[in-house]
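# Topology and contacts: notes
Here are the chains, one letter per residue:
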Amino acid sequence: MSALPPTPANPDIVAVTIALDGCASKAELLERIAAALHFPGWFGHNWDALADCLTDLSWLPAGAYRITLTQAAPLRRAAPETLATALEIFDAAAAAWADQGVDFRVCLTEDGADDGTAPPAAPAARQ
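The following paragraphs examine the structure supplied in this document. No experiment lies behind these values; they were computed from the predicted model shown.

Attention now moves to helix H2 (residues 47-54). Of the positions making up H2, those classed as buried are Trp47, Ala49, Leu50, Cys53 and Leu54. Taken around the axis of H2, the buried residues stretch over an arc of 160°, which confines them to a single face. Buried residues along H2 sit in contact with helix H1 (26-36), helix H4 (80-99) and strand S4 (103-108). One side-chain oxygen of the residue at the start of H2 lies 3.1 Å from the amide nitrogen of Asp48, identifying that residue as Asn46.

Turning our attention to the pattern of salt bridges. A complete count under the given rule lists 5 salt bridges for this structure. With a shortest N-O distance of 2.6 Å, Arg32 and Glu28 are connected by a salt bridge. Of this pair, Arg32 and Glu28 both sit in helix H1, separated by 4 residues, roughly a single helical turn. By relative accessible area, which is 12% here, Arg32 ends up buried. Classification of Glu28 as partly exposed rests on a relative accessible area of 30%. For Arg66, the salt bridge is made with Asp103, and the minimal N-O distance between the two is 2.9 Å. Here Arg66 is found in strand S3 (residues 64-70), whereas its partner Asp103 is found in strand S4, with 37 residues between them in sequence. Under the relative-accessibility criterion, Arg66 is labelled partly exposed at 25%. A residue is classified by how much of its surface remains accessible, and Asp103, at 13% relative accessible area, is buried.

With their axes 9 Å apart at the nearest point, H2 and H4 run at an angle of 30° to one another. Considered as vectors, H2 and H4 are oriented roughly parallel to each other. Note that H2 runs across H4; the crossing there is right-handed. Two secondary-structure elements touch here, H2 through Trp47, Leu50, Ala51 and Leu54 and H4 through Thr82, Thr85, Ala86, Ile89, Phe90, Ala93 and Trp97. In terms of residue class, the contact of H2 with H4 is made up of 9 nonpolar, 2 polar and no charged.

So, about the nonpolar core. Ranked by internal contacts, the top residues of the largest apolar core, which has 39 residues, are Phe39, Leu50, Leu54, Leu69 and Phe104. Of all the elements in the fold, those that place two or more residues in this core are strand S2 (13-19), H1, H2, S3, H4 and S4. With 8 residues, H4 is the largest single contributor of residues to this core. Those residues in contact with Leu69 that lie beyond four places of it in its chain are Ile18, Leu20, Leu87, Phe90, Val106, Cys107, Leu108 and Thr109.

A few words now on unusual backbone geometry. Of note, the phi angle at His38 is positive, near 55°, even though the residue is not glycine. Note on placement: His38 falls in the loop between H1 and H2. In this model, Leu57 sits at a positive phi of 50°, which is unusual for a non-glycine residue. With respect to the helices and strands, Leu57 occurs in the loop between H2 and S3. Using a relative accessible area of 1% as the deciding quantity, one classes Leu57 as buried.

What counts and what doesn't
Per chain, residue numbering runs from 1 following the sequence as it is written. At least 70 in pLDDT is required for a residue's local features to be given in this predicted model, at least 80 for side-chain atom pairs to be given and counted, and no such filter applies to totals for whole chains, interfaces and linings, which use all residues. Note that water and hydrogens are dropped before the side-chain values are worked out from all heavy atoms of the structure. The buried label goes to any residue with under 20% of its type's maximum accessible area, the exposed label to any with over 50%, and the partly exposed label to all in between, with areas taken from a 1.4 Å probe on protein chains only. Only runs of H or I of at least four residues qualify as helices and only runs of E of at least two qualify as strands under DSSP, and these elements are numbered from the N terminus. Taken from the helix axis, the directions to the C-beta atoms give the arc we talk about. Any two residues having at least one pair of non-hydrogen atoms within 4.5 Å are treated as being in contact. In the analysis that follows, any N or O atom pair within 3.5 Å is treated as a polar contact, provided that within protein one partner can donate a hydrogen and the other can accept it, and provided that, for residues neighboring in sequence, both atoms belong to side chains. Throughout this description, the term salt bridge denotes a Lys or Arg side-chain nitrogen within 4 Å of a carboxyl oxygen of Asp or Glu. Interaxial angles span 0 to 180 degrees and are taken between N-to-C directions of axes, which are lines fitted to C-alpha atoms, for helices over the stretch in contact. Each angle is binned into one of four classes, with values under 35 degrees roughly parallel, values over 145 roughly antiparallel, values of 65 to 115 roughly perpendicular, and all other values oblique. Definitions for this section: a left-handed crossing has its near helix turned counterclockwise from the far helix by less than a right angle. A right-handed crossing has that turn clockwise. For this classification, Asp, Glu, Lys and Arg are treated as charged, while Ala, Val, Leu, Ile, Met, Phe, Trp, Tyr, Cys and Pro are nonpolar and the rest, including Gly, are polar. Note on terminology: a nonpolar core comprises buried Ala, Val, Leu, Ile, Met, Phe, Trp, Tyr and Cys residues joined through side-chain atoms within 4.5 Å.

This is the structure in C-alpha cells:
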C-alpha cells in the first residue's frame with residue numbers, strides 16, 4: 001500500500017495503490033483500504049462506513065483521487081461477492097464526487113499489472 005501526497009507538479013491529486021495480494025476476506029479488504037486512505041478512528045469496518053469515508057475524505061483533501069487496486073484475482077476467487085460489493089461502493093463514491101466536481105478514479109488490476117480495463121462495477125473514471 002502506498003499513498004502519494006500531492007506534489008508540486010500535481011498539487012490537487014492524491015494517488016493511492018492498494019495491493020490485494022493475499023487478501024481473501026471482507027475484513028482484510030476493509031483494513032487495507034482504511035490503512036491506505038488513512039481513514040479516521042471512527043471507521044466502523046463495514047460497508048456503510050466504507051461508503052461514508054469514501055464520500056468524505058476531509059482528512060485527505062484533494063481535487064482528484066486515483067485509487068488503484070492491484071492483484072485482485074485472489075480476492076475475486078476467494079470472495080467474489082466481497083469484491084463486487086466494494087466496487088459498487090467505489091462506483092457510488094465516484095458518482096458522489098463527480099456531483100461535487102471532483103475527479104475520483106478507481107482502477108482494478110487482476111495480477112498487479114494494469115491491464116487497461118476498468119472493473120465491471122466501477123468505471124475507471126467519473127467526471
